[in-house]
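# Residue-level structure breakdown
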Amino acid sequence: MVRLKHRYVLAEVKFADPKKFYHVNPHRVIDEITGIVTKVHGISGLAGVKIGLHVKYLNEYSKLVLIRVRSQYHQKLLSALPFIKTMPVKMPGVKARSAPEGVACFLNTICVTSTIKDAQKRIRTYGKRTMDRLLSECKTEEERTKVCKVFAEHSQPEEMEVDEEELEDEKEEEENGK
Amino acid sequence: MLDLRLPDHGVYCDLNVPSDNNTVNTKNKVQMLISLGYGVIALSTEMPSTTKTGKTKGKENYPQPQPPVVLDQDVKDQLKRDKRKVLVLTRITIEMENNEDAIKVRSILLNSKFDIVAVRPKNDKMFLNCKDLPIDIICMDSAAEKMPFIPKPNLIKQVVGRNVYFEFNYSPMIRDDVIMQRTIMNGLRVAEAGKGKNVLLSSGALVPMEIRGPRDVGNMSMLMGVQQNRAIDSVQKNARSVVVHAYTRVTAKSAAVIQYSPLEDGKKRSSNQDLPESKKVKLSA
């Protein structure tokens, strides 16, 4: 039985102004990635990357994206990701049916893992680090309680759709580790 | 222990950040690099060749290094909390087309106002000339024009044996498609001859949004034929050896380090003022 292997790429979307809020859609992210991979690697490169391409997790507040790719083609995706210049993004307060505008941004890869569990660990440590940094900048206790509330509401890395194949992957990884 | 101006192992370096009189832009670029995780930054000034500017007499017309960058208070507090150090160096890139440019390079090497000296040769002749000079970086990036010469594999091997690295810029690649094709072509040629170990990637960014994270830059070197396990070396190991080479060029032939060793009894050493007059060390004025 051939086992399908995947790679999970954790990236952070960085805009020019870090304090503004944008609505990022996972379908737009996939459109942008397919456009860039055709430009760098051609049509045959896109075909390999597009088989298992899926956005597993996207948090608009912490701006973290988790992308899944087949393991044979993850090098093609990784070498094409730095060329992204803009992303179609909806501004808050605009009507629902208007077309999204392109805003200047880039993706910063944090890590590449082979299971979803390792990626969730990294998301948790990244969230703790940003929370520590924001808490150290606060000066009153009210601001600190506000920050803790917002983080508790909006960071839920466990709510991800996990397929049966990925569950098998994680079981085999645990057995190999033991 | 020792406070040398050398980075530790495993620190990400960006060795080409063009700096002009526009201080706000350079400050924003340096702050963006710090937030992405870089530890060594080199601000560069350009020196065009004599075919463009005409013959100039005297050493006073050489460019001077820019004044040091003053960061915001938020960034300084953040660096203190994380206990991180950031090295900011100065660098000059010289275009070489004539024999007069070779004379300029030698005089700038003796001057030692800049920390890192880089060269951009435009002919086969100039490439042979700069093979013997104690230069840190050879810049293979004529972004706006077609690549004027193609280096031969024998010469590249001789240069690589002396630990001099070939540098490419990645932000012109992001701006334009034709430049992307040319730089990847040149990068493949150079990496073939040196088995993928002599490539350095740095940004030639004009705007803060053209800068990429260190792992992304390492993945870009995979397009030039470098293996995945050695891809991050183009930002880490090769760049660090360039900084060490520049440091050893400025210091003397040999160096001695003087350091107090702890006393066996654990007592404190007496300073020169506490000793009686007969035993004091007298220094001539």
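Throughout what follows, the structure given in this document is the object of discussion. Computed from a predicted structure; not experimentally measured.

## Considerations on the overall build of chain B
Within chain B, the regular secondary structure consists of ten helices and seven strands. Per-residue burial for chain B yields a buried fraction of 46% across its 285 residues. Of the contacts made within chain B by residues no fewer than 6 positions apart, 78% connect residues no fewer than 24 positions apart. A total of about 16,400 Å² of accessible surface is found on chain B, and carbon and sulfur atoms cover 51% of it.

## Things to note about the pairing of strand β6 (residues 165-169) of chain B
All names here are of chain B. Taken across its five residues, β6 has five buried, putting it largely inside the fold. Of the two faces of β6, the one lined by Y165, E167 and N169 and the one lined by F166 and F168 are each fully buried. Sheet topology note: the strand β5 (residues 137-139)/β6 ladder contains three bridges and is parallel. Bridge assignment links C139 to a residue of β6, and that residue is E167. Across four bridges, the pairing between β6 and strand β7 (residues 199-202) is parallel.

## Looking at the environment of T86 of chain A
Residue and element names in this part refer to chain A. One can find T86 in strand β4 (residues 86-89). In this structure, the C-alpha to C-alpha distance between T86 and E32, residues 54 residues apart in sequence, is 8.4 Å. Residues within four places of T86 in sequence aside, it is in contact with E32, V103, A104 and C105.

## Observations concerning the side chain of S79 of chain A
Relative to the assigned elements, S79 of chain A resides in helix α2 (residues 74-80). Of the residues examined, S79 of chain A reaches a relative accessible area of 3% and is grouped as buried. A distance of 2.9 Å separates a polar side-chain atom of S79 of chain A from the backbone oxygen of Q75 of chain A. Of note is the side chain of S79 of chain A, whose polar atom sits 3.3 Å from the backbone oxygen of K76 of chain A. Look past the residues within four positions of S79 of chain A in its chain and what remains in contact with it is H41 of chain A together with N219 and L223 of chain B.

## Some details on the interface of chain A and chain B
Contacts between the two partners involve 24 residues from chain A and, on the opposite side, 21 residues from chain B. Where chain A abuts chain B, roughly 2,000 Å² becomes buried across the two surfaces, and 60% of that area is made up of carbon and sulfur atoms. The largest contributions to the chain A side of the interface with chain B come from P82, F83 and F106 of chain A, which together make up 32% of the buried area. Linking chain A with chain B are one salt bridge.

The rules behind each value
Residues numbered from 1 in each chain as written. Chains lettered and ligands numbered in written order. Predicted model: local features only at pLDDT ≥ 70, side-chain atom pairs only at ≥ 80, totals over all residues. Heavy atoms only, no water. Helix = DSSP H or I, 4+ residues; strand = E, 2+ residues; numbered from the N terminus. Buried < 20%, exposed > 50% of the residue type's maximum accessible area, 1.4 Å probe, protein only. Contact = heavy atoms within 4.5 Å. Areas by Shrake-Rupley, 256 points an atom, 1.4 Å probe, with all protein chains shown as cover. Pairing = 2+ DSSP bridges. Polar contact = N/O pair within 3.5 Å; in protein donor to acceptor, adjacent residues only side chain to side chain. Buried area = accessible area lost by both parts, 1.4 Å probe. Salt bridge = Lys/Arg side-chain N within 4 Å of Asp/Glu carboxyl O.

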